[in-house]
Every structure is written in C-alpha cells, then in structure tokens.
Amino acid sequence: MLFDFERDFAGSLRCIPMIARQKLDIVGIKLSLRQWSRFTRDERGQLADLPCETAPEQATYRELVAHLIATRSDEPLRPLASRGLEAWRDADRMPDTVKTQAQADGVTPPTAAQWATLQPLQRFALVKLARSKHENENFVPAMLEFGLLQPHAGLLHDAGASPNPTAVSRGHTRMPN
C-alpha cells in the first residue's frame, strides 16, 4: 500500500515507502536508503508486502531484513536508537509532535475523534512526518489525503501546500528514516 503523497518518490520503490518503514520500526531495524537501494526490486516489494503483525511474522520479517542487509550491503544491521515512534499505536492519544507540526504548518491539528478513526499506518505516517529532525513537507499533503483537512484556498495558502497533495514538488523531499 502506498499513499498518494508518496507515490512520486516511493512508487518505484526507489525510496522506502511508509508501509515498509512502519514494519522496520516494528522490528527495530534502522535501514538506510543506501541499504534499501542494494536490494532487488522484488526484495523491496517483498518487504513492503510481507505481513508484520504477529510475533512470528515480526521474527520472519526481521530475519529477512537481516539476511538482505548481510548479503546485499556492506553496512551492518543497525538497531533503531529509540522506539519513540510507538505513539502511533495509541488511537486514544495523539502525540504532541503531530499537534506541533500541524501548528507549524498553519493547519488545525486532528481532533481526538479524527485521530482515533485513522488507520494505524496513517497514524504512523503522521508521526513519522512530524519528526522535527526531518523535512516534513509531506505532512500537510498527508493530512489532506487522510481527510483531516478540507482543501480550500485560504488554508492551503496559509499552510504553503498545493491544492493537490500529489502535486507537491518532490525535487527536494527527503523521507525520514
């Protein structure tokens, strides 16, 4: 599954799509774009498609990623430094980073009711895109795509976003790891 806001840069699987990023975070592996690019297209697709919900699925996923890194990359497997992104799992409490990013972009943060209705991957994407140490120009397009904002000229002008969330320039977009 790819979101519209990531199709331009992740659709070809040149970049790590949110669905794979979520799974990598779940299994606690930090994968560099360099490592990802060393995997075959089929292997990248497999990492996007494999289930990673149950403990056995997570163990299988982690083993596959470890194997791919060992066989395709000259870099070691790196565990995630922190698991601070786990906040996406809680549908009852929106992380402050999401509120802060929305305010920084001049848009209204999701309400508690809106946050609760989001799918886990949508919540993960918003948390990931709101991380302050990364460029987050896809935050507003994601909010639009998830139905959290109503596209109208004033809002979009104030937020600096394009009326079409997929029309945002991707030339300088760097997705968070």
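Conventions adopted
- Residues numbered from 1 in each chain as written.
- Predicted model: local features only at pLDDT ≥ 70, side-chain atom pairs only at ≥ 80, totals over all residues.
- Heavy atoms only, no water.
- Helix = DSSP H or I, 4+ residues; strand = E, 2+ residues; numbered from the N terminus.
- Buried < 20%, exposed > 50% of the residue type's maximum accessible area, 1.4 Å probe, protein only.
- Areas by Shrake-Rupley, 256 points an atom, 1.4 Å probe, with all protein chains shown as cover.
- pLDDT = per-residue confidence, 0-100.
- Contact = heavy atoms within 4.5 Å.
- Phe/Tyr/Trp six-rings, centres within 6.5 Å; stacked < 30°, edge-to-face > 60°.
- Salt bridge = Lys/Arg side-chain N within 4 Å of Asp/Glu carboxyl O.

K.L.:
In this structure, what is going on with the overall build of the protein chain? I would like to understand it.
P.N.:
Secondary structure summary: the protein chain contains ten helices and two strands in total. When burial is assessed residue by residue, the protein chain has 49% of its 177 residues classed as buried. Working note: accessible area of the protein chain is about 8800 Å², and carbon and sulfur atoms make up 52% of it.

K.L.:
Can you help me understand the confidence of the model for the protein chain in this one?
P.N.:
Fine structural detail should not be taken from predicted coordinates in areas where pLDDT scores are low. For the protein chain, per-residue confidence averages 83 on the pLDDT scale, and residues scoring 70 or more make up 79% of the total. Per-element mean pLDDT across the protein chain ranges from 42 in helix 10 (residues 153-159) up to 97 in helix 5 (residues 55-72). A low-confidence stretch, residues 153-177 stays under pLDDT 50, and its non-local contacts, those more than four residues away or across chains, total 56 contacts.

K.L.:
I keep staring at the packing of aromatic side chains and nothing clicks. Help me out?
P.N.:
For any pair of aromatic rings, the description consists of the separation of the ring centres together with the inter-plane angle of the planes. Within the structure shown, the criterion is met by five aromatic pairs. Taking the centre distance of 6.2 Å and the plane angle of 70 degrees together, the rings of F5 and F146 count as edge-to-face. One end of the pair, F5, is in the segment before helix 1 (7-10); the other, F146, is in the loop between helix 9 (139-145) and helix 10, and 141 residues separate them in sequence. Taken as a pair, F5 and F146 share a single burial class, namely buried. Ring pairs connect the aromatic residues F3, F5 and F146, which therefore count as one cluster.

K.L.:
Before we go on, may I ask you to explain the pattern of salt bridges in this structure?
P.N.:
Pairing of side chains with opposite charge becomes possible as their charged atoms draw close. Enumeration over the complete set of coordinates arrives at six salt bridges. Taking the shortest distance from any N to any O, the salt bridge between D25 and K128 comes out at 3.3 Å. In this pair, D25 sits in helix 2 (residues 18-27) while K128 sits in helix 8 (residues 120-129), placing the two residues 103 residues apart along the sequence. Classification of K128 as buried rests on a relative accessible area of 1%. Linked through salt bridges whose partners overlap, the residues forming this network are R34, R38, D74 and E75.

K.L.:
Got a minute to help me understand helix 8 in this structure?
P.N.:
Because an α-helix packs 3.6 residues into every turn, residues spaced three or four apart end up facing the same way. Within helix 8, nine of the ten residues are buried, which leaves it mostly tucked inside the rest of the structure. If you follow the buried residues of helix 8, they end up packed against helix 2, helix 6 (96-104), helix 7 (112-117) and helix 9.

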